[in-house]
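As a plain string of letters, each chain reads:
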Amino acid sequence: MPKILVTRRTFDQAAAELRAAADVVIWEDADSPDQAGLIEAMRDVDALYAHITNQVDAAVMDAAPNLKVIAEFGVGYDNIDEAAATERGIAVCNTPGVLSESTADLAFALVMALGRRVNDLPGIVKNGEWGDFDPVGYLATDIHHKTLGIVGMGRIGAEVAKRGLGFDMEVIYHNRNPRNDVPGTIYVDSLEELLQRSDYVSLHNPLTPETTGLMSTEQFKLMKPTAYFVNTTRGPVVDQEALYEALKSGGIAGAAIDVTVPEPLPANHPLLTLDNCLVMPHVASATGDTRLKMAMMCVENVLAGIKGDWPPYCVNRDAIEGRSRLEGKA
Ligand code: 8YV
């Protein structure tokens, strides 16, 4: 029987489908395995069903000489050393598409929460500080007719754009290439211009060496002091100290982030002392429907891999064709 390692608990349906085809080890502990624990657990594994908390590096791969497939639960797979997997002929897979709308829903919810002060005004009520009616008190920022700047116009960025357009926003975006399949959006060819023009900036580019630290002191300085910043992609795309300074000094009006460095963010982190910063616990894809779909995509990837077939959502197929561990194993 092939062996599958699943590094976090999963849905019953996903576990049942895996168990019907293989020996399955599910890491049920409250915390993810540390690196030594992961390496130990990899022994004799044919397929790894991985999560963001696993650093799947060469040592992890080499602990399982029969490893054919690594299926990431998520669209971002920056925690996997793709080059090392490719070198070894191991298929790397992810769960694209299925979480774009849920992620965009959260990004847009954060835009609206910041703009309309859903993040801070309820605290005033709770603390008994709700004073007499004040025509110029508790003022917020409109969503409609404001400019939403999207950085990274992939599947998720495009869904955020649709939401912005639905709320009558001006939607501008910066991307490697212009896209003409999201009508009504405006391409700007420099990040600087996007930051200067936007009332709301939302990040949607994957974490790569090029995007690491993309938003730092210089970039936050380009934003309007009235502008809001949203990050639902990956923590390291933002220089968190620069974000803290921008928020603290009034360089920008507020931020809402679903991703941080580290994750979980310690409760005593300086960002959590700020009233104009809203931090979510990395939940953009976390609806029951979407997470189940993601799990079932991982199952499809893993089951194909252990049979020696190409997994349907393989990201390095072109790169490993010819040396893949899948070929000839069916
Ligand atoms: C995942 C995500 O839930 O898909 C992604 O890239 O950030 C989330 O949707 C997260 O990676 C947990 O595995």
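Residues numbered from 1 in each chain as written. Predicted model: local features only at pLDDT ≥ 70, side-chain atom pairs only at ≥ 80, totals over all residues. Heavy atoms only, no water.

Draft legend 1. Spotlight on the site of the ligand. By nearness alone, every residue bordering the ligand is listed as I52, F73, G74, V75, G76, L99, R234, H282, S285, R291 and M294. V75 is positioned with one of its backbone polar atoms (N or O) 2.6 Å from an oxygen atom of the ligand. Taking S285, its side chain carries an N or O atom lying 2.7 Å from an oxygen atom of the ligand. The fraction of the free accessible surface of the ligand (320 Å²) that becomes covered by protein chains is 91%. Grouping the constituent residues of the shell around the ligand by class yields five nonpolar, four polar and two charged. (Near = heavy atom within 4 Å. Polar contact = N/O pair within 3.5 Å; in protein donor to acceptor, adjacent residues only side chain to side chain. Areas by Shrake-Rupley, 256 points an atom, 1.4 Å probe, with all protein chains shown as cover. Nonpolar A, V, L, I, M, F, W, Y, C, P; charged D, E, K, R; others polar.)

Draft legend 2. Inspection of the sheet that holds strand 3 (residues 47-50) at higher detail. Spatial strand order, 2-1-3-4-5: five strands in an open sheet with parallel pairing. A strand with exactly one partner marks an edge of an open sheet, and here the two such strands are strand 2 (23-26) and strand 5 (91-93). Taking each pair of neighbouring strands and ignoring which way they run, the sheet shows an average axis angle of 15 degrees. Looking at chain direction, strand 3 and strand 4 (residues 69-72) are connected through four bridges and run parallel. Pairing of L48 across the sheet is with I70, part of strand 4. Most of the contacts of helix 1 (residues 12-19) go to strand 2, to which it runs at about 145 degrees, and overall it touches strand 1 (3-6), strand 2 and strand 3. The strands that helix 11 (residues 288-307) touches are strand 1, strand 3, strand 4 and strand 5; relative to strand 4, the one it contacts most, it runs at about 175 degrees. (Pairing = 2+ DSSP bridges. Helix = DSSP H or I, 4+ residues; strand = E, 2+ residues; numbered from the N terminus. Axes fitted to C-alpha atoms, helices over the stretch in contact; angles between N-to-C directions. Contact = heavy atoms within 4.5 Å.)

Draft legend 3. Expanded view of the sheet that holds strand 9 (residues 200-203). If you walk across this open sheet you meet the seven strands as 8-7-6-9-10-11-12, and the pairing is parallel. With one partner strand each, in any of the chains shown, strand 8 (186-187) and strand 12 (277-279) form the two edges of the open sheet. Packing against the sheet, helix 5 (residues 100-115) makes contact with strand 6 (147-151), strand 9, strand 10 (228-231), strand 11 (254-257) and strand 12, and its axis sits at approximately 155 degrees to strand 10. Against the sheet, helix 7 (residues 155-166) engages strand 6 and strand 7 (170-174), with an angle of about 175 degrees to strand 6.

Draft legend 4. Examining the packing of helix 1 against helix 11 more closely. As a packed pair, helix 1 and helix 11 sit with axes 9 Å apart at the nearest point and diverge in direction by 10 degrees. Classified by the angle between their axes, helix 1 and helix 11 sit roughly parallel to one another. Residue-level contacts link Q13, A14, E17 and L18 of helix 1 to L292, A295, M296, V299, V302 and L303 of helix 11. In terms of residue class, the contact of helix 1 with helix 11 is built from eight nonpolar, one polar and one charged. (Parallel < 35°, antiparallel > 145°, perpendicular 65-115°, else oblique.)

The values reported here are purely geometric and, on their own, carry no functional implication.
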